[in-house]
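Tertiary structure, described
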Amino acid sequence: MIEKSHLAPTSPYPIGLNIVEAEGIYVVDADGRKYMDMISGVGVSALGHGNRRIKDAISAQLDRHAHVMVYGEFHQGIQEAFAKKLCGLLPTPLDMVYFTNSGTEAVEAALKLAKRVTGRTRLVAARKSYHGSTHGSLSVSGNEVKKNAFRPMLPEVYFMEFNDMDSLSLIDEHTAGVIIETIQGDAGVRIPSQEWMMALRTRCNETGAMLILDEIQCGLGRCGTWWAFEPFGLVPDILTLGKALGAGLPIGACVASSTLLSQFAHDPVLGHITTFGGHPVICAAGLAGLKELEERRLVEGVNAKGQLLHDLLIQHPAIVEIRYRGLFFAVELQGEDEVMQVVSGCLENGLIGFYFLSHRSAFRLAPPFTITEEEIRRAAEIITEQLNRL
Ligand SMILES: Cc1ncc(COP(=O)(O)O)c(C=O)c1O
């Protein structure tokens, strides 16, 4: 008999696996059943589970010290080292990091920073976007159904259609910031056109609005380049990161130029603060994670792995479309019933896939970058077996 839980639920129908350990691309339940984690715990475990280097880095930092002071007051070498490494992987002028505890907090910081540095009040966001669950992030997210129970939202938020030229006219001299996911995740992996991205950058330049790219899900190699904005040949004013950044532990980051981010220090003093943001143990894990990604050249392998997964699935007649970049996949089926059937059938057969919150006729795949060719072939077999049953 399962005991009464004292944990607040998020859904009446959670997946409910009872996980006791995880290693590589597998998670193992209490009955010893192994499941392929084909979603990386929703975009987190890019290095797979149980990475030795990450465990060692956590343990070494714990031996030195854990929390000693709120963010920003003490010099903590590990925070500096992580920020330096991260900025070293980013283009100019992104040379300063504000660490938060989560993705949604990184977005909150980015929205406040845009207002602070422009002295303006309006925000522009994209329909079907997802930026998090706190009030500010929810206010710039595009799923109206998810917002209704929690109104009022932030005022002066205007929504443009993602990838639509006419919508760019919503951005004007009153706009503090424009926030989009470089590649929309929860909307079912939507990739904007090169033309639209360039026009968006130009419009922000012309009006003085801060361009905020949310790469909490699509960044850090997930789309086959370190940053999803890279192939578009532009750089945001503000970048938000999270999910894979802590190599399995919770951390987010709001990244910008030092000219912008240093303004958080005055007018008002302590205008944006956090107790645990940039926790030293998590910075140690994150730094080891970036080194692991870099030294094992894992990002460089992402495109070929994604291509293989795509090629193994695309011929199936039940698949309407596959939208993907790197190892970030939306597999479009006829409708929600088909998605439910395939996702639950895969789970019964030892593979974890998942839904999208805002796009119910596709399922997501986003495996760890460490997945082998053999594991990709096995995953495609399990998925194909379920597609055959439709
Ligand atoms: C693009 C994007 N932004 C923000 C968030 C919020 O991150 P967190 O759940 O860590 O608050 C998510 C989470 O799924 C996301 O995908």
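Residues numbered from 1 in each chain as written. Predicted model: local features only at pLDDT ≥ 70, side-chain atom pairs only at ≥ 80, totals over all residues.

1. Points about the overall build of the protein
Applicable threshold: Helix and strand assignments follow DSSP, with helices taken as H or I runs no shorter than four residues and strands as E runs no shorter than two, numbered in order from the N terminus. Computation of the radius of gyration draws on C-alpha atoms alone. For the globule rule, the value is 2.2 Å times the number of residues to the power 0.38. Residue burial here comes from a neighbour count, namely the number of other C-beta atoms, placed from the backbone, that lie within 10 Å of the residue's own C-beta, with 20 or more meaning buried, 12 or fewer meaning exposed, and in between meaning partly exposed. In this description, a residue-residue contact is defined by the distance between C-beta atoms placed from the backbone, which must lie within 7 Å.
Counting its regular elements, the protein contains twelve helices and 15 strands. Here the C-alpha radius of gyration of the protein, 21 Å, is about what a compact globule of 390 residues would show, namely 21 Å. Put simply, the protein has 390 residues, and 48% of those count as buried. Long-range contacts, defined here as pairs at least 24 residues apart, represent 74% of the contacts in the protein between residues at least 6 apart.

2. Some details on the site of the ligand
Basically, it comes down to this: Nearness is defined per residue: the C-beta atom, placed using the backbone, must lie within 6 Å of the molecule or strand. Gly falls in the polar group here, along with every residue not listed as nonpolar (Ala, Val, Leu, Ile, Met, Phe, Trp, Tyr, Cys, Pro) or charged (Asp, Glu, Lys, Arg).
Gly103, Thr104, Gly132, Ile216 and Gln217 are the nearest of the 14 residues found near the ligand. For the shell around the ligand, a count of residues per class yields three nonpolar, eight polar and three charged.

3. Digging into the domain arrangement of the protein
Where the parts come together, the accessible area they lose is often given as the size of the interface. So the rule is basically this: Domain segmentation is taken from an automatic or database assignment of domains.
In terms of domains, the protein is made up of domain 1 (52–295) and domain 2 (297–388). A straight line from the C-alpha centre of domain 1 to that of domain 2 covers 27 Å. At the junction of the two partners, domain 1 supplies 17 residues and domain 2 supplies 20 residues. For the side of domain 1 that touches domain 2, the per-class residue count stands at nine nonpolar, four polar and four charged.

4. A closer look at helix α7 (residues 194–207)
Here is the rule we go by: Expected helix span is given by 1.5 Å per residue-to-residue step, counting one fewer step than there are residues.
With 14 residues, α7 extends 20 Å from end C-alpha to end C-alpha; this agrees with the ideal 20 Å at 1.5 Å per step. Just beyond α7, the residue with positive phi is Gly208, at close to 80 degrees.

5. Some words on the pairing of strand β1 (residues 19–23)
Selection criterion: Between any two strands, at least two bridges found by DSSP are needed for them to pair.
Bridge count between β1 and strand β2 (residues 26–29): four bridges; the pairing is antiparallel. Residue pairing for β2: Ile19 is matched across the bridge by Asp29. Turn length for the β1-β2 hairpin, with the two strands adjacent in sequence and antiparallel, is two residues, and the turn residue Gly24 shows positive phi of about 60 degrees.

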